[in-house]
Amino acid sequence: MDVDPDLAEFVVAAGLASLDEPLAWTPLAGGVSSDIWRLDVGGRTICVKRALAKLKVAADWRAPVSRNLYEWRWFETVGEILPAAVPRPLASDPERGVFAMSFLAEADHPLWKAQLLAGHADAATAAAVGERLGTIHAATARRSDIAERFPTDELFHALRLEPYLLATAGRRPEVAAPLRALAARTADTPLALVHGDVSPKNILVGPQGPVFLDAECAWYGDPAFDLAFCLNHLLLKCLVAPAAEPALLGSFAALAKAYLALVDWEPRAALEARAASLLPGLILARVDGKSPVEYLTADVQKDAVRAVAMPLLNAPEPKLAHVADAWRRRVLTS
């Protein structure tokens, strides 16, 4: 297919292809914030990703393409900690807002989101996600050298705090105060290297364990955000895969337990309390924020989310299990 000639110039300049080699580009489905291609060249396959200035959502949501550089740095940093947890970074061009990485075939690396939506929720997979996430946070916690490589407060605000918590506050005035307080607290908690989009759509279930993709929101901040962001999806998917509800809630518990076991940079109770209070805000954001999940379309589903999230925002629980219990009582029995 025809692609921007700038991309061809990038792969040649990076030494990933020669001028006389044919380039076979295939667009890949992915998130809303980047264009992603499979590139077949010279008998090998790589993945090329370029950030978009305007995200592909209904709302007017824009973010600097400089985030591509910090995603690259997140892959580099995590690749030194857990090489099997990320694609192998190959080349980067910050001025173009593009980088190349190894291509991971779906046959060997199925998408966790697809498995969950099909009702296949494996607690061992969830525990492995929690373990790898906790390992990354523990290895980067209170590291000024890593913090200096991720001066991305404004990016994180534009990509996460504003479209999720603050936009939702604008649409739900009855819980605006706690949502704004959550955003302010999260912004002011620089503790570890945060991925920012730990969602099942960005996690491959590989033969060597979970592989994290799409670190465009990389930020040196509150690790509780990553934990809550991921657990949120395990709750939401109960609404579209009700038969898998026990397994999904079991996966929620397994992920939280494996993660919390690795928290050694601060009291575990403190981190868990932050994650537990963030969780209802993120739940609500996926129906009332700028990036609603595509699989919750019925009003009854959205109202169920609001029914559990809003009371928890006004009266936060300190334990993640308490949030899961409230979800089970208020949503799954309604």
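Since we're looking at a predicted model, the values are computed, not measured. Numbering of residues starts from 1 in every chain and runs along the sequence as written. Whole-chain, interface and lining totals are the exception, using all residues; otherwise, since this is a predicted model, local features are given only for residues with pLDDT of at least 70 and side-chain atom pairs are given and counted only at 80 or more. No hydrogens and no water enter the side-chain calculation; it runs on all heavy atoms of the structure.

A few points about the overall build of the protein chain
Here is step 1 of the chain: Across its full length, the protein chain holds 12 helices and nine strands.
Here is step 2 of the chain: The globule rule used here is 2.2 Å times the number of residues to the 0.38 power, and the radius of gyration it is set against is calculated over C-alpha atoms. Scaling as 2.2 N^0.38, a compact globule of 334 residues should have a C-alpha radius of gyration of about 20 Å, and the protein chain matches this with 20 Å.
Here is step 3 of the chain: Here the C-alpha coordinates of the protein chain stretch approximately 65 × 40 × 40 Å along the principal axes.
Here is step 4 of the chain: Counting the 334 residues in the protein chain, one finds 56% classified as buried.
Here is step 5 of the chain: Only heavy atoms matter for contacts: two residues are in contact if any of them lie within 4.5 Å across the pair. Sequence separation of 24 or more characterises 70% of the internal contacts of the protein chain that already satisfy a separation of 6 or more.
Here is step 6 of the chain: Computed with a 1.4 Å probe, the accessible areas rest on the Shrake-Rupley method; for each residue, only the protein chains presented here act as cover. Accessible surface for the protein chain amounts to roughly 13500 Å². Of this, 55% is attributable to carbon and sulfur atoms.
Here is step 7 of the chain: Charged side chains in the protein chain number 34 positive and 40 negative. The centres of these two groups are separated by 5 Å. Put simply, DSSP marks the helices as runs of H or I at least four residues long and the strands as runs of E at least two long, and each gets a number from the N terminus on. The rule is simple: take the accessible area with a 1.4 Å probe, protein chains only, and divide by the maximum for that residue type; under 20% is buried, over 50% is exposed, in between is partly exposed. Under this rule, positive means Lys or Arg and negative means Asp or Glu; His and the chain ends count for nothing. Taken as the charge centre is NZ of Lys, CZ of Arg, CG of Asp or CD of Glu, depending on the residue.

Some thoughts on the side chain of Asn-202
Here is step 1 of the chain: Counting through the fold element by element, Asn-202 comes out in the loop between strand 6 (192–194) and strand 7 (203–206).
Here is step 2 of the chain: For Asn-202, a relative accessible area of 1% gives the class buried.
Here is step 3 of the chain: Residues within four places of Asn-202 in sequence aside, it is in contact with Asp-197, Val-211, Phe-212, Leu-213 and Asp-214.

Observations regarding the packing of helix 2 (residues 67–81) against helix 4 (residues 123–140)
When two helices pack together, their arrangement is given by the angle between the helix axes and by the axis-to-axis distance.
Here is step 1 of the chain: Two elements in contact, helix 2 and helix 4, have axes whose closest approach is 10 Å; the angle formed by their N-to-C orientations is 100 degrees. Taken together, the axes of helix 2 and helix 4 are roughly perpendicular relative to one another. Contacts between helix 2 and helix 4 involve Trp-74, Thr-77, Val-78 and Ile-81 from the former and Thr-135, Ile-136, Ala-139 and Thr-140 from the latter.
Here is step 2 of the chain: Of the residues that constitute the contact of helix 2 with helix 4, the class distribution is five nonpolar, three polar and no charged. Axis geometry follows a simple rule: fit a line to the C-alpha atoms, using only the stretch in contact for helices, then measure angles between N-to-C directions, giving values from 0 to 180 degrees. The scheme is simple: roughly parallel for angles under 35 degrees, roughly antiparallel for over 145, roughly perpendicular for 65 to 115, oblique for anything else. Throughout this entry, Asp, Glu, Lys and Arg are counted as charged residues, while Ala, Val, Leu, Ile, Met, Phe, Trp, Tyr, Cys and Pro are counted as nonpolar. The remaining residues, Gly among them, count as polar.

Quick word on helix 10 (residues 268–288)
Given 3.6 residues to a turn, an α-helix orients residues that are three or four positions apart in the same direction.
Here is step 1 of the chain: Given a rise of 1.5 Å per residue, 21 residues ought to cover 30 Å, and the 30 Å separating the end C-alpha atoms of helix 10 matches this to within 8%.
Here is step 2 of the chain: A residue's bend is simply the angle between two axes: one fitted to the seven residues ending at it, one to the seven starting at it. At Leu-279, helix 10 is deflected by roughly 25 degrees, the largest bend along its length, and proline Pro-280 occurs up to four residues later in sequence.
Here is step 3 of the chain: Of all 21 residues in helix 10, 17 are buried; the element is thus mostly enclosed. By this rule, a helix spans an expected 1.5 Å times one less than how many residues it contains.

Let's talk about the nonpolar core
Here is step 1 of the chain: What makes a nonpolar core is a set of buried Ala, Val, Leu, Ile, Met, Phe, Trp, Tyr and Cys residues whose side-chain atoms join them at distances within 4.5 Å. Counting 96 residues, the largest nonpolar core has Trp-74, Trp-112, Leu-227, Leu-231, Leu-255, Leu-320 and Trp-327 as its most contacted members.
Here is step 2 of the chain: Excluding its chain neighbours within four sequence positions, the residues that come into contact with Leu-320 are Leu-227, Leu-231, Phe-252, Ala-256, Leu-260, Glu-272, Ala-275, Ala-276 and Leu-279.
Here is step 3 of the chain: Membership of the second largest hydrophobic core comes to 15 residues, among which are Val-3, Phe-10, Trp-25 and Val-98.

Things to note about the sheet that holds strand 4 (residues 89–93)
Here is step 1 of the chain: On the basis of which strands lie adjacent, the open sheet formed by five strands has the order 1-2-3-5-4 and antiparallel pairing. Here the strands that pair on one side only, and so sit at the sheet edges, are strand 1 (24–27) and strand 4. Strand-to-strand twist across the sheet, computed as the mean angle between neighbouring axes with direction ignored, equals 25 degrees.
Here is step 2 of the chain: Pairing between strands requires that DSSP locate at least two bridges from one strand to the other. Pairing between strand 1 and strand 2 (residues 34–41): four bridges, direction antiparallel. Looking at strand 2, one finds that Thr-26 is bridged to Arg-38.
Here is step 3 of the chain: Most of the contacts of helix 1 (residues 5–13) go to strand 3 (residues 44–51), to which it runs at about 125 degrees, and overall it touches strand 1, strand 2, strand 3, strand 4 and strand 5 (98–102).

With respect to unusual backbone geometry
Excluding glycine, residues mostly have negative phi values, and the peptide bonds linking residues are mostly trans.
Here is step 1 of the chain: Even without a glycine there, the phi angle at Arg-142 is positive, about 55 degrees.
Here is step 2 of the chain: Tracing the chain through its elements places Arg-142 in the loop between helix 4 and helix 5 (144–148).
Here is step 3 of the chain: Arg-142 sits in the exposed class, given a relative accessible area of 56%.
Here is step 4 of the chain: If you check the backbone angles, Asp-214 has positive phi at about 50 degrees while not being a glycine.
Here is step 5 of the chain: Along the chain, Asp-214 turns up in the loop between strand 8 (209–212) and strand 9 (219–221).

Focus on the packing of aromatic side chains
The description of two aromatic rings rests on the distance between their centres and on the angle between their planes.
Here is step 1 of the chain: In summary, the pairing rule links any two rings of Phe, Tyr or Trp, Trp by its six-membered ring, whose centres are within 6.5 Å, and it sorts them by plane angle into stacked for under 30 degrees, edge-to-face for over 60 and tilted for everything else. The tally for this structure, following the rule as stated, stands at 11 aromatic pairs.
Here is step 2 of the chain: Plain terms: the ring middles of Trp-25 and Trp-37 are 6.1 Å apart, the flat faces sit at 80 degrees to each other, and that makes the pair edge-to-face. One end of the pair, Trp-25, is in strand 1; the other, Trp-37, is in strand 2, and 12 residues separate them in sequence. Note on accessibility: Trp-25 and Trp-37 belong to one class, buried.
Here is step 3 of the chain: An aromatic cluster of three or more residues is present, and its members are Trp-72, Trp-74, Phe-75, Phe-99 and Phe-212.
Here is step 4 of the chain: Over the face of the ring belonging to Phe-103 we find Arg-38, whose NZ or CZ atom lies 5.0 Å from the ring centre. As a reminder, the over-ring test applies to NZ of lysine and CZ of arginine, requiring each to be within 6 Å of the ring centre and within 35 degrees of the ring normal.

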